[in-house]
Amino acid sequence: MSVDVHEVSVAFGGVTALNKVSLQLERGRILAVIGPNGSGKSTLFNSITGMVAAAGGKIAVDGVSIDNMAPNRRIALGLARTFQTPRFDPHITVEEAVLCGFYPVAKPGMLSSLLRSPGVAREEKTFSDRCSEILRELRLTKYRATKMGELPMGQVRLVEVARAVANNPKYILLDEPAAGLARDEQAMLSVEVRRLAETGVGVLLVEHNFNLIRELAEHVIVLNRGAMLMSGRAEDIARDKAFIDVYLGSSGR
Ligand code: ADP
Ligand code: MG
């Protein structure tokens, strides 16, 4: 059971943003992707979720080709993602934002009508229970009724993770989920990500904090200018001269 990305390329105009990148994300595993800004990490996510068209290569989920599948059908196969810059309607509450994760294909206006329909009353109860559980795990319970527009950015990122895990995905792509989080929030997120993997979710993690990567991921892929610079065990990557030069050299971290 895996997401198989085989030599996927993406070009914007004449510029190659992703150049023949391959990876295998297995269920229950955490695979990290690291690389300087502009190296193609978010584009890799966009190509897997169908938000940009690939110029070449193949992607399959559990052996099913998704190359010609619309994003919502990919979600239905069990793929979920977070966005590097979460965008929520500032007027909805944290709870409503997480509930959006149960209706990934519904338009915002449809959510309220869906929730009012008697046919989904039982489902709604399940969703509401699951929502409470996720809010508790991510320590967001006290913000349940807070408007998204009033939340600190760290909590907005956690709500983004909560929304993505709401519908029990098989694979989750996390795009810099720990950016801007306080140390204790990062630690909590780290526990949550490990727990997700332990329950059988395949986690693809884009992250700049190498300590967090080392803590969570056995295997790391390093992207540079859209291409795979190297791939290997976190501890080996950390000692690699080329990694140190490219990563620490160009990102300034
Ligand atoms: P990263 O997430 O590693 O910082 P991105 O995947 O966002 O990098 O970007 C990789 C390259 O592709 C960058 O040069 C970026 O400017 C370009 N790019 C990304 N998305 C688009 C887009 N929608 N249109 C044009 N260029 C894009
Ligand atoms: Mg990015």
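Heads up: the structure comes first, above all this text.
These numbers come from a predicted model, not from an experiment.

Draft legend 1. Molecular detail of the coordination of the magnesium ion (ligand 2). For the magnesium ion (ligand 2), the full set of protein donor atoms is Ser-42 (OG) and Gln-84 (OE1), and the range of their distances to it is 2.1 to 2.2 Å. In this pair, Ser-42 is assigned in helix 1 (residues 41-49) and Gln-84 in the loop between strand 6 (79-81) and helix 3 (94-99), connecting sequence segments 42 residues apart. Ser-42 sits in the partly exposed class, given a relative accessible area of 22%. The exposure class of Gln-84 is partly exposed, given its relative accessible area of 30%.

Draft legend 2. Seen up close, the site of ligand 1. In the vicinity of ligand 1, the contacting residues are Phe-12, Ala-17, Pro-36, Asn-37, Gly-38, Ser-39, Gly-40, Lys-41, Ser-42 and Thr-43. Contacts to ligand 1 include Ser-42, whose backbone N or O atom sits 2.9 Å from an oxygen atom. Expressed as a share of its isolated accessible area of 560 Å², the protein-covered part of ligand 1 is 56%. With three residues, the single largest contributor to the shell around ligand 1 is helix 1. Residues that form the shell around ligand 1 fall into these classes: three nonpolar, six polar and one charged.

Draft legend 3. Quick peek at unusual backbone geometry. With a phi close to 50 degrees, Asn-168 is a non-glycine residue in the positive phi region. The residue Asn-168 is located in the loop between helix 6 (153-165) and strand 7 (171-175) in this model. Look at Asn-168 and you get exposed, because its relative accessible area is 54%. Non-glycine residue Glu-176 carries a positive phi angle of around 50 degrees. With respect to the helices and strands, Glu-176 occurs in the loop between strand 7 and helix 7 (183-198).

Parameters at a glance
- Residues numbered from 1 in each chain as written.
- Chains lettered and ligands numbered in written order.
- Predicted model: local features only at pLDDT ≥ 70, side-chain atom pairs only at ≥ 80, totals over all residues.
- Heavy atoms only, no water.
- Donors = N, O, S within 2.8 Å, 3.2 Å for Na, K, Ca; no water.
- Helix = DSSP H or I, 4+ residues; strand = E, 2+ residues; numbered from the N terminus.
- Buried < 20%, exposed > 50% of the residue type's maximum accessible area, 1.4 Å probe, protein only.
- Near = heavy atom within 4 Å.
- Polar contact = N/O pair within 3.5 Å; in protein donor to acceptor, adjacent residues only side chain to side chain.
- Areas by Shrake-Rupley, 256 points an atom, 1.4 Å probe, with all protein chains shown as cover.
- Nonpolar A, V, L, I, M, F, W, Y, C, P; charged D, E, K, R; others polar.

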